[in-house]
Amino acid sequence: MPKLQGFEFWSRTLGGARHVVAPMVDQSELAWRLLSRRHGAQLCYTPMLHAQVFVRDANYRKENLYCEVCPEDRPLIVQFCANDPEVFVQAALLAQDYCDAIDLNLGCPQMIAKRGVQARGQPWLRAQRFSSESEGLLVGPRLLGSPGVQCPGAPPAGHYGAFLQEEWDLLQRMILLAHEKLSVPVTCKIRVFPEIDKTVKYAQMLEKAGCQLLTVHGRTKEQKGPLSGTASWEHIKAVRKAVAIPVFANGNIQCLRDVERCIQDTGVQGVMSAEGNLHNPALFEGRSPAVWELAEEYLDIVRQHPCPLSYVRAHLFKLWHHTLQVHQELREELAKVKTLEGVAAVNQELKLRCQEDISRQKEGEKPSGGLPFFHWICQPYFRPGPREGSKENGGARSKRALEEEEGSADVLSKNKQKKQLRNPHKTFDPSLKPKYAKCDQCGNPKGNRCVFNLCRGCCKKRAFREAADCPGHGLLFKTKLEKSLAWKGAQSRLQEPQPAGSGEPGGFPEVVGSALA
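Residues numbered from 1 in each chain as written. Predicted model: local features only at pLDDT ≥ 70, side-chain atom pairs only at ≥ 80, totals over all residues. Heavy atoms only, no water.

- An unreviewed UniProt entry lists the protein chain under the name tRNA-dihydrouridine(16/17) synthase [NAD(P)(+)]-like isoform X1, with Vulpes vulpes given as the organism.

**Side note on the overall build of the protein chain**
And then number 1: Helix and strand counts for the protein chain stand at 21 helices and 11 strands.
And then number 2: Here the protein chain, with 517 residues, has 47% of them falling under the buried criterion.
And then number 3: In the protein chain, once contacts between residues fewer than 6 apart in sequence are set aside, the share between residues at least 24 apart is 65%.
And then number 4: Summed over its atoms, the accessible surface of the protein chain is roughly 26,700 Å², and 52% of this surface lies on carbon and sulfur atoms. (Helix = DSSP H or I, 4+ residues; strand = E, 2+ residues; numbered from the N terminus. Buried < 20%, exposed > 50% of the residue type's maximum accessible area, 1.4 Å probe, protein only. Contact = heavy atoms within 4.5 Å. Areas by Shrake-Rupley, 256 points an atom, 1.4 Å probe, with all protein chains shown as cover.)

**Regarding the environment of Gln325**
And then number 1: Tracing the sequence through the fold places Gln325 in helix H14 (residues 321–326).
And then number 2: The partly exposed category is assigned to Gln325, whose relative accessible area is 38%.
And then number 3: Taking the C-alpha atoms as reference, Gln325 lies 8.7 Å from His375; in sequence the two are 50 residues apart.

**What about the side chain of Asn347?**
And then number 1: Examined against the element boundaries, Asn347 turns out to sit in helix H16 (residues 340–360).
And then number 2: At a separation of 2.7 Å, a polar atom in the side chain of Asn347 contacts the side chain of Trp320.
And then number 3: When residues no more than four places from it in sequence are discounted, the contact partners of Asn347 are Ala295, Glu296, Leu299, Leu316 and Trp320. (Polar contact = N/O pair within 3.5 Å; in protein donor to acceptor, adjacent residues only side chain to side chain.)

**Observations regarding the packing of aromatic side chains**
And then number 1: Applying the stated rule across the entire model yields 10 aromatic pairs.
And then number 2: With centroids separated by 5.3 Å and ring planes inclined at 75 degrees, the aromatic side chains of Trp32 and Tyr298 adopt a geometry described as edge-to-face. On the criterion of sequence distance, the pair formed by Trp32 in helix H2 (residues 30–38) and Tyr298 in helix H12 (residues 291–304) is long-range, its members being 266 residues apart.
And then number 3: Classification of Trp32 by relative accessible area gives buried; the value is 0%.
And then number 4: Seen from their ring centres, Phe193 and Tyr202 are 5.2 Å apart, and the 75 degrees between their planes marks the pair as edge-to-face.
And then number 5: Through pairs of rings, three or more aromatic residues link up here, namely Phe54, Tyr60, Tyr66, Phe80 and Tyr98. (Phe/Tyr/Trp six-rings, centres within 6.5 Å; stacked < 30°, edge-to-face > 60°.)

**Description of unusual backbone geometry**
And then number 1: Here the bond from Arg74 into Pro75 is cis, since omega is 0 degrees, no more than 30 degrees from zero.
And then number 2: Here Pro75 is to be found in the loop between helix H4 (58–64) and strand E4 (76–81).
And then number 3: The backbone of Asp26 shows a phi angle near 60 degrees, a positive value even though the residue is not glycine.
And then number 4: Classification of Asp26 as partly exposed rests on a relative accessible area of 22%.
And then number 5: The phi angle at Asn252 is positive, at roughly 70 degrees, despite the residue not being glycine.
And then number 6: Turning to its location among the elements, Asn252 is positioned in the loop between strand E8 (247–250) and helix H10 (256–266).
And then number 7: Using a relative accessible area of 18% as the deciding quantity, one classes Asn252 as buried.

**With respect to H2**
And then number 1: Taken across its 9 residues, H2 has 8 buried, putting it largely inside the fold.
And then number 2: Residues of H2 that are buried: Leu30, Ala31, Trp32, Arg33, Leu34, Leu35, Ser36 and Arg37.
And then number 3: Tucked inside the fold, the buried residues of H2 contact strand E1 (19–21), strand E2 (43–45), E4, helix H11 (275–279), H12 and helix H13 (309–319).
And then number 4: Following H2 by one or two positions, Gly40 has its phi on the positive side, about 105 degrees.

**Observations regarding the side chain of Ser36**
And then number 1: With respect to the helices and strands, the residue Ser36 is situated in helix H2.
And then number 2: In contact with Ser36, other than residues within four places in its own chain, are Val21, Ala41, Asn277 and Pro281.

**What to know about the pairing of E8**
And then number 1: Burial along E8 is two-sided: the face carrying Val247 and Ala249 and the face carrying Phe248 and Asn250 are both buried.
And then number 2: Where strand E7 (residues 214–217) lies against E8, 4 bridges are found, and the strand directions are parallel. Residue Val216 lies in a different strand from E8, and its bridge partner there is Ala249.
And then number 3: At this point the chain moves from E7, through helix H9 (residues 233–242), to the parallel E8, and the crossover so formed is right-handed.
And then number 4: You can see the chain leave E8, run along H10 and come back into strand E9 (residues 270–273), and the turn it takes is right-handed. (Pairing = 2+ DSSP bridges. Right-handed = clockwise from strand over helix to strand, strands pointing away.)

**Side note on a positive patch on the surface**
And then number 1: Residues Arg331, Lys414, Lys418, Lys419, Arg422, Lys426, Lys433 and Lys435 make up a contiguous surface patch of positive charge.
And then number 2: Sort the elements by how many residues they give to the positive patch and helix H18 (residues 414–422) lands first, with 4 residues.
And then number 3: For Lys419, the location among the structural elements is in helix H18. (Patch = residues over 30% accessible without salt bridge, like charges linked within 9 Å, V, L, I, M, F, W, Y side chains within 5 Å. Salt bridge = Lys/Arg side-chain N within 4 Å of Asp/Glu carboxyl O. Lys, Arg positive; Asp, Glu negative; His and termini not counted. Charge placed at Lys NZ, Arg CZ, Asp CG, Glu CD.)

**Some words on the confidence of the model for the protein chain**
And then number 1: Here the protein chain shows a mean pLDDT of 84. Residues at 70 or above account for 82%.
And then number 2: Segment residues 504–517 is flagged for pLDDT under 50; beyond a separation of four residues in sequence, or across chains, it makes 5 contacts in the model. (pLDDT = per-residue confidence, 0-100.)

**Details of the nonpolar core**
And then number 1: Grouped together as the largest cluster of nonpolar side chains are 111 residues, with contacts concentrated most on Phe80, Ile102, Leu206 and Leu214.
And then number 2: In this structure, Phe452, Cys458, Ala463 and Cys470 belong to the second largest nonpolar core, which totals 11 residues. (Core = buried A, V, L, I, M, F, W, Y, C linked by side-chain atoms within 4.5 Å.)

**A closer look at the environment of Arg360**
And then number 1: Note on placement: Arg360 falls in helix H16.
And then number 2: We classify Arg360 as exposed; its relative accessible area is 54%.
And then number 3: Among the polar contacts listed, one links the side chain of Arg360 to the side chain of Asp357, at a separation of 2.8 Å.

Right, here's the structure in full:
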């Protein structure tokens, strides 16, 4: 059967899906997908998987896809992050029999997707973090080849997600190769550029390369965390008009009315929800049930389709978010439990507390805290924005600036309090921090005895390039090269033939013969 493409793929394979659950790291696991499908979701994505690890590690494949085969969990799209065409296709070939399409993540905005910092445990999975509207982050630094080795022609390790936005040639090769080799369609999830025109050209490039469905998150890669702001439906609308493939919209979806309004305003074929779905899995049904109703149903599904306890705990923190602001002592209890039954017990206690609150509720009483519903009702969570910036920078505030501002306050953050508890002499006063001379190239602290006035990383590159020594950093490229050349010269002299009778190895038989005579 020929591979379906574009609108035919969307209408026949995906059943014309309009209500879509986003790929969410450690959050869109099988149990949560089944819960969402019971309450109006028509299409789900797996959590983002790392293509290189998926190719290498059979256990990783089993834990994240192979063991989760479930007839009710279709249609399903598997999402990968990758930055190498061959690796992406190898991973997709291993996954294509277990899904209806393969998605390339081009939307993860987290810095770990740029740096590729390795975390403890699995090389990338433990480092992932969930973003405001469906991306997580992600990868370890040594995943493109053996430790310390970069695959020829591949981008730097950690170069994934939204940080591939400018690599149009690479993305074309990845999508084109996947489109040629796979038996299922390839799709993409992207973030927008600040400029609508550039976003449209970006989408058209992916379509031309072979992308069969495009999900557009209407935020730039800089819009994340406290700086998320509002997603631009204008960008999404422009992309929808410019391409001839189905488009899903992502961003600003908190209730069913938002879904309907987004489809009407942008003309997209479907709408994807991440954070809205986490706080109310019945979002696509247009319902806001009591939290314990969905929490108990989810726990029942987890008993049938087990998943790591950390996933379950994270889901309950989202579902009970507003109630845990009222009954804060149970927040710590939920964080401490070590078993599924322990989580269920805390969930039951939260239910009883809410029922007591309902019994004490006065007639005509309105929800507190500016909430649209009482705290025991599933409802959206609106992420607070950054503090008002100065007029000089137009209100733009970086995450680092916000952290420095918080650090200057009298009360330390929880993270800094933990550090101070471990080390009572630790200080966070910037004026008391030691001052280091900076590297001439990268700005990191330079080595005090470096002959080039560089940090170790820059010094190593320069010393290798110039075959020079830097005793300060213990780098002896020149010395080792000279020793190597001297050893090679000595070896070549030993292999040269010598005149007979000279006392050298060539005259040895004659000496032996005279001695015997």
